[in-house]
Amino acid sequence: MSQKQNITDVLMVGATGSIGRLAVQAAQRHGLRPRALVRDLRRGEELLPGVELVRGDLEDPASLRSAVGGADAIVLTHGSGSDSRADARAHVDYGGVRNILQALDGARPRVALMTSIYATRSDIPGATPWKRRSERLLRASGLPYTIVRPGWFDHAGPTQRRLVLEQGGTADGGIARDQIAETLIRSLLTNTALGKTFELIATDGEEPSDWAELFGALKADESGSVDGALDPYDLPVEAEPRAVRADLDAIRSPHGISG
């Protein structure tokens with residue numbers, strides 16, 4: 001995956017959340033034009049004054065078609081954390097990515113997806129495979145992407161500004177929310193971030209000065225695989241629920257992986 005894109009208009013999904021608002025600010029700092037997907041326009045105006053808003057609901061595919069139109073890139077920071085429904089992770093964390101990808105209808109924006117440092121962990125209490133499944137959909141789509149798996153929000157002190165990017169699903173640690181937002185936006189603007197999936201934490205030290213080098217040290221996701229580089233092989237696609245396999249088949253692209 002080596003294509004370059006001129007990015008100006010960025011659709012921000014999850015823009016009213018704590019990471020999303022910071023990602024909007026980071027996009028503006030880098031000269032991008034963010035457009036926030038919101039369910040409630042009034043609330044969006046309160047939280048994101050001066051930012052272009054577009055109404056849409058991640059669980060309503062029809063509402064997303066106009067929202068994604070014209071986007072050069074999409075940043076997804078949505079999550080089901082405040083949703084008390086038992087199936088919220090399936091409908092929001094996973095279903096939201098599926099619905100956005102389907103709404104694109106052939107368009108090919110660059111995508112930065114935020115999931116979780118525990119996306120591939122089955123040994124963590126409360127962890128589910130839904131974020132990992134959402135990652136698989138994005139890889140199968142063939143779109144240019146970067147997948148960021150941040151550690152514990154704000155579990156990093158003021159001197160911990162050195163970013164550590166790891167792969168393999170064994171990392172643990174914390175990171176400041178503004179660092180997550182900056183990494184997501186930088187990934188859109190840095191070609192060495194293309195096609196890569198990584199866990200993100202912070203340790204003592206200075207902020208990065210060479211983002212191309214930081215991303216460039218990572219192993220790219222294997223062509224033809226729905227999993228990230230060095231991910232554990234403990235969730236075989238053939239053992240997944242029929243509905244999940246059907247979603248993968250529906251989202252597969254001639255630019256991505258084959259049947």
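Scroll up to find the structure this text is about.
So, a few notes on the structure that sits alongside this text. Given the structure is predicted, the values throughout are model-derived calculations rather than measurements.

## Let's talk about the overall build of the protein
Assigned secondary structure in the protein consists of eight helices and ten strands. What you see for the protein is a C-alpha radius of gyration of 17 Å, in line with the 18 Å of a compact globule of 259 residues. With respect to the principal axes defined by its C-alpha atoms, the protein has extents near 45 × 40 × 40 Å. The buried share of the protein, reckoned over its 259 residues, is 52%. Contacts spanning at least 24 positions in sequence make up 73% of the contacts within the protein whose residues lie at least 6 apart. Carbon together with sulfur atoms contributes 46% to the accessible area of the protein, which is approximately 11,900 Å² in total. Taken together, the 31 basic and 35 acidic charged side chains of the protein have centroids lying 3 Å from each other.

## Quick look at the environment of Pro129
In this structure, Pro129 sits in the loop between strand 5 (110-114) and helix 5 (130-141). Separated by 39 residues in sequence, Pro129 and Ala90 place their C-alpha atoms 9.1 Å apart.

## Observations concerning the nonpolar core
Counting 36 residues, the largest nonpolar core has Val10, Met12, Val75, Leu165, Leu184, Ile185 and Leu188 as the members making the most contacts within it. Once residues within four sequence positions are removed from consideration, Leu165 is found in contact with Phe198, Glu199, Leu200, Leu214, Phe215 and Leu218. Listed in part, the 29 residues of the second largest apolar core include Val54, Leu58, Ile100 and Ala140.

## Considerations on the layout of surface pockets
There is about 1,400 Å³ of room inside the largest pocket. Looking at the largest pocket, it is lined by 44 residues, and the ones nearest its centre are His78, Gly79, Ser80, Gly81 and Asp93. Secondary structure elements with two or more residues in the lining of the largest pocket: helix 1 (18-29), strand 2 (33-38), helix 4 (88-103) and strand 7 (152-153).

## A short note on the packing of aromatic side chains
Per the counting criterion, the structure on display carries four aromatic pairs. On the basis of an interplanar angle of 80 degrees and a centroid distance of 6.1 Å, the ring pair of Tyr118 and Trp152 is categorised as edge-to-face. With Tyr118 in the loop between strand 5 and helix 5 and Trp152 in strand 7, the pair connects residues that are 34 residues apart, well separated along the chain. Note on Tyr118: relative accessible area 13%, which makes it buried. Note on Trp211 and Phe215: the rings are 5.7 Å apart at their centroids and 40 degrees apart in plane angle, and the pair reads as tilted. A residue pair is termed a helical-turn pair when its members lie 3 or 4 positions apart in one helix, as Trp211 and Phe215 do in helix 7 (residues 211-216) at four residues. Aromatic rings pair up to connect Phe198, Trp211 and Phe215 into one cluster. Between Arg133 and the ring centre of Trp130, over which it is positioned, the NZ or CZ distance is 4.4 Å.

## Overview of the packing of helix 1 against helix 6 (residues 177-189)
For the pair helix 1 and helix 6, the least separation of the axes is 8 Å and the interaxial angle reads 50 degrees. By the criterion of interaxial angle, the relationship of helix 1 to helix 6 is oblique. Pair helix 1 / helix 6 crosses with right-handed handedness. Taken together, the residues of helix 6 that come into contact with helix 1 (itself represented by Ser18, Ile19, Leu22, Ala23, Ala26, Ala27 and Arg29) are Arg177, Asp178, Ile180, Ala181, Glu182, Leu184 and Ile185. Classifying every residue of the contact of helix 1 with helix 6 gives nine nonpolar, one polar and four charged.

## A look at helix 5
The terminal C-alpha atoms of helix 5, which comprises twelve residues, lie 17 Å apart, in line with the 16 Å expected from a rise of 1.5 Å per residue. Counted residue by residue, helix 5 has ten buried out of twelve residues, so it is predominantly covered. Taken together, the buried positions of helix 5 are occupied by Arg132, Arg133, Ser134, Glu135, Arg136, Leu137, Leu138, Arg139, Ala140 and Ser141. Contact partners of the buried residues in helix 5: helix 4, strand 5, strand 6 (145-150), strand 10 (196-203) and helix 8 (242-251).

Calculation rules
- Residues numbered from 1 in each chain as written.
- Predicted model: local features only at pLDDT ≥ 70, side-chain atom pairs only at ≥ 80, totals over all residues.
- Heavy atoms only, no water.
- Helix = DSSP H or I, 4+ residues; strand = E, 2+ residues; numbered from the N terminus.
- Rg over C-alpha atoms; globule rule 2.2 N^0.38 Å.
- Buried < 20%, exposed > 50% of the residue type's maximum accessible area, 1.4 Å probe, protein only.
- Contact = heavy atoms within 4.5 Å.
- Areas by Shrake-Rupley, 256 points an atom, 1.4 Å probe, with all protein chains shown as cover.
- Lys, Arg positive; Asp, Glu negative; His and termini not counted.
- Charge placed at Lys NZ, Arg CZ, Asp CG, Glu CD.
- Core = buried A, V, L, I, M, F, W, Y, C linked by side-chain atoms within 4.5 Å.
- 1 Å grid on protein atoms, 1.4 Å probe; cavity = no way out; pocket = protein on both sides within 12 Å on 5 of 7 lines; lining within 4 Å.
- Points joined across faces, edges and corners; volume = space filled by probe spheres on them.
- Phe/Tyr/Trp six-rings, centres within 6.5 Å; stacked < 30°, edge-to-face > 60°.
- Lys NZ or Arg CZ within 6 Å of the ring centre and 35° of its normal.
- Axes fitted to C-alpha atoms, helices over the stretch in contact; angles between N-to-C directions.
- Parallel < 35°, antiparallel > 145°, perpendicular 65-115°, else oblique.
- Left-handed = near helix turned anticlockwise from the far one by under 90°.
- Nonpolar A, V, L, I, M, F, W, Y, C, P; charged D, E, K, R; others polar.
- Expected span 1.5 Å × (residues − 1).

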